[in-house]
Amino acid sequence: MTPGYDLIVIGAGMAGVTAANKCAAAGWRVAIVDALPYGGTCALRGCDPKKILRRGAEIIDSARLMRGKGIDAAGLSINWADLIQHKHGFTDPVPRRMEDGLSGNGVDALHGQARFTGPNTMAIEGISYHAAHFLIAAGARPRPLEFHGHEHLVDSTDFMELPALPRRILFVGGGFISFEFAHIAARAGSTPVILDRGPRPLKAFDPDLVELLVSRGGEVGIELWRSTTITAIEKSRRGFQVSVERSGQSETVGFDLVVHGAGRVPELAGLNLDAAAVEWDERGVRVSPHLQSTSNAAVYAAGDAANTPGMPLTPVAVFEGKVAASNMLKASTTVPDYSGVPTAVFTIPEVARVGMLEQEARDQGIDIDVRYRDTSGWYSNYRIGETTAATKILVDRSSDRIVGAHLLGPEYGEVVNLIALAMKLNLTTSQLKSMTAAYPTVGSDLSSIL
């Protein structure tokens, strides 16, 4: 058995790397392990490369919006192979850079599948390790699907490696992944269809704004099939034959590619958690509010691997990693603060949210002032030709504080950060309105939005 560690981190994504560096800086002997290249989903297979691909789609969409307004978009198109190569220019150096950074901070960087062999022991590629503490930050994987032919689906990682983009693509699931990639694919010349089992896609976002987004997507050729389920997929000579139940009717439709966008689950099955007496379920490792396992005091969890109230977002994983590291170092029980955390779906335009949905606020008995604005005709959107934009701000009448904010429009992913900060600091809308913003910027619209 190798010499023991103070901490072994499982998963070299943002939560794990943050915790490993923090504990190593405090003098602990730390190791980190991952079976995949270092960097995690966000940097290598998720939000960062996805938004690089979105940039190409943004340019196409922006040029089309300005057609007849001074821009001739004739002949403008995406070279998919070049765009993918541009993405690789960012992602390819990440694993080595991240591993070198960890090693430079004194963290032992290990590779391979980790499996617990006891409450304080694990095996990695046949070598046994012992640690006083473990942090499980192993991320997530696509949710298993059970219909016949599910093995023919590609996931978002595969999608971002395609050498060419097929003509007709089915995105399974009505969440982040399907919407974001469908908006990219539509601008790249494909005809995308989003299939959702329920009547309402993007359920975590304001339904009124989502319907506007669906209409906007329809204008560029994105089709949405609501209340539809897949019964089977068969590979054919020309692609795939997808059998569905839709509006009470069965039909079979041909596609060139079928993409899994139906959510993700914690990547825990291979860790042999039962050997360490670590309780877990499909939502992650069962942890106390301060991120310590409820059944093994040596184990903590953060990010997608932890069953916490936090949203499955990279910034949440980062601050959970920091909190877990601090709690381990100090033997403390600090609880992460999940208030004022914004999130966005980077469609074109993006839809963003922070705080409660309108129905959630009403269910809690809050007397809310719903401040809805159609901002499509405002200067900041007129300037770029955008025709679909709106905001909905939920204000507690008794305190003049924002309890929820929902925005659909170009650059509103930045505006939501200002509102999130205001919510974090308990600022009133009157205080926010007193801010003098640079003009003309999208941020200068905030006072009118409120």
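Residues numbered from 1 in each chain as written. Predicted model: local features only at pLDDT ≥ 70, side-chain atom pairs only at ≥ 80, totals over all residues. Heavy atoms only, no water.

The name an unreviewed UniProt entry gives the protein is NAD(P)/FAD-dependent oxidoreductase, with Luteococcus sanguinis as the organism. Recorded in UniProt under Sequence similarities (unreviewed entry), the annotation for the protein is "Belongs to the class-I pyridine nucleotide-disulfide oxidoreductase family." Under the Cofactor (unreviewed entry) heading, UniProt states for the protein: "FAD". (UniProt positions renumbered as here; feature names shortened; annotations may be inferred.)

Below, the discussion takes up the overall build of the protein. What the protein contains, in helices and strands, is 14 helices and 24 strands. Radius of gyration (C-alpha) of the protein: 23 Å, near the 22 Å computed for a compact globule of 450 residues. Principal axes of the C-alpha set define a box for the protein whose edges measure 70 × 65 × 45 Å. Split into buried and exposed, the 450 residues of the protein put 53% on the buried side. In the protein, the proportion of contacts linking residues at least 24 apart, taken out of those at least 6 apart, comes to 63%. Accessible surface for the protein amounts to roughly 19800 Å². Of this, 51% is attributable to carbon and sulfur atoms. Looking at the protein, you have 43 positive and 49 negative side-chain charges, and the mean spots of the two groups are 3 Å apart. (Helix = DSSP H or I, 4+ residues; strand = E, 2+ residues; numbered from the N terminus. Rg over C-alpha atoms; globule rule 2.2 N^0.38 Å. Buried < 20%, exposed > 50% of the residue type's maximum accessible area, 1.4 Å probe, protein only. Contact = heavy atoms within 4.5 Å. Areas by Shrake-Rupley, 256 points an atom, 1.4 Å probe, with all protein chains shown as cover. Lys, Arg positive; Asp, Glu negative; His and termini not counted. Charge placed at Lys NZ, Arg CZ, Asp CG, Glu CD.)

With that settled, the discussion passes to the UniProt feature "domain: Pyridine nucleotide-disulphide oxidoreductase dimerisation" (unreviewed entry) in the protein. According to UniProt, the positions carrying the feature "domain: Pyridine nucleotide-disulphide oxidoreductase dimerisation" (unreviewed entry) are residues 341-443. Helix makes up 27% of residues 341-443 and strand 29%, whereas the separation of the span's terminal C-alpha atoms amounts to 18 Å.

Side chains Leu257 and Val259 project from strand 14 (residues 257-260) onto one buried face, and the interleaved Val258 and His260 project onto a second face that is buried too. Where strand 8 (residues 168-172) meets strand 14, four bridges bridge the pair, whose relative direction is parallel. Across the sheet, residue Ile169 finds its bridge partner in strand 14, namely Leu257. (Pairing = 2+ DSSP bridges.)

Moving on to helix 5 (residues 94-104). Among the residues making up helix 5, those that are buried are Val94, Pro95, Met98, Glu99 and Leu102. Across the axial projection of helix 5, the buried residues extend over an arc of 120°, all falling on one side. Opposite the packed face of helix 5, turned more than 90 degrees from it, sit the exposed residues Arg97 and Gly104. Where the residues of helix 5 are buried, they touch helix 1 (14-25), strand 2 (30-34), helix 2 (40-45), helix 4 (80-91) and strand 3 (107-111). Positioned one or two residues after helix 5, Gly106 has a phi angle of 90°, which is positive. (Arc of directions from axis to C-beta.)

At their nearest, the axes of helix 7 (residues 176-187) and helix 8 (residues 207-219) sit 10 Å apart, and the two run at 25° to each other. In terms of axis orientation, helix 7 runs roughly parallel to helix 8. In terms of crossing hand, the pair formed by helix 7 and helix 8 is left-handed. Each of Phe179, His183 and Arg187 in helix 7 lies in contact with helix 8, whose residues at this interface are Leu213, Val214, Arg216 and Gly217. Classifying every residue of the contact of helix 7 with helix 8 by side-chain character gives three nonpolar, two polar and two charged. (Axes fitted to C-alpha atoms, helices over the stretch in contact; angles between N-to-C directions. Parallel < 35°, antiparallel > 145°, perpendicular 65-115°, else oblique. Left-handed = near helix turned anticlockwise from the far one by under 90°. Nonpolar A, V, L, I, M, F, W, Y, C, P; charged D, E, K, R; others polar.)

What follows concerns the state of the cysteines. If you walk through the whole model with that rule in mind, you get one disulfide. Between Cys42 and Cys47 runs a disulfide, and the two sulfur atoms are separated by 2.0 Å. When the S-S torsion is -135°, as for the bridge of Cys42 with Cys47, the disulfide is left-handed. (Disulfide = S-S within 2.5 Å.)

If charged atoms from side chains of opposite charge come close, those side chains can pair. One pass over the full model with this rule turns up 24 salt bridges. One salt bridge in this structure joins Asp369 and Arg371, with 2.9 Å as the shortest N-O distance. Here Arg371 falls in the buried class, since its relative accessible area comes to 14%. Salt bridges linked by common partners bring Asp206, Asp208, Glu358, Arg362 and Lys392 together as one network. (Salt bridge = Lys/Arg side-chain N within 4 Å of Asp/Glu carboxyl O.)

Our focus in this paragraph is the packing of aromatic side chains. Considering all chains together, one arrives at eight aromatic pairs under this definition. Taken together, a centroid distance of 6.4 Å and an interplanar angle of 35° make the contact between Tyr5 and Tyr129 tilted. In this pair, Tyr5 is assigned in strand 1 (residues 5-10) and Tyr129 in strand 6 (residues 127-136), connecting sequence segments 124 residues apart. The class of Tyr5 is buried, set by a relative accessible area of 8%. Ring plane angle 50° and centroid distance 5.6 Å describe the contact between Phe319 and Tyr338, whose orientation is recorded as tilted. Remark: Tyr338 occurs in the loop between helix 9 (314-330) and strand 20 (343-345) and Phe319 occurs in helix 9; sequence separation between them is 19 residues. Judged by relative accessible area, which is 21%, Phe319 ranks as partly exposed. Note on Tyr338: relative accessible area 21%, which makes it partly exposed. Grouped by ring-pair contacts, the aromatic residues Trp80, Phe159, Phe171 and Phe181 constitute a single cluster. In this structure, Arg29 packs its charged tip against the face of Tyr5, placed 4.3 Å from the ring centre. We note Lys51 situated over the ring of Phe346; from NZ or CZ to the ring centre the distance is 4.2 Å. (Phe/Tyr/Trp six-rings, centres within 6.5 Å; stacked < 30°, edge-to-face > 60°. Lys NZ or Arg CZ within 6 Å of the ring centre and 35° of its normal.)

Moving on, we come to the sheet that holds strand 17 (residues 284-286). Pairing within the open sheet is mixed, and its three strands lie in the order 16-17-19. A single partner strand is all that each edge strand has here, and the edge strands are strand 16 (280-281) and strand 19 (306-307). Alignment of strand 17 against strand 19, held across two bridges, turns out to be parallel. When the sheet's bridge partners are listed, Arg286 is paired in strand 19 with Asn307.

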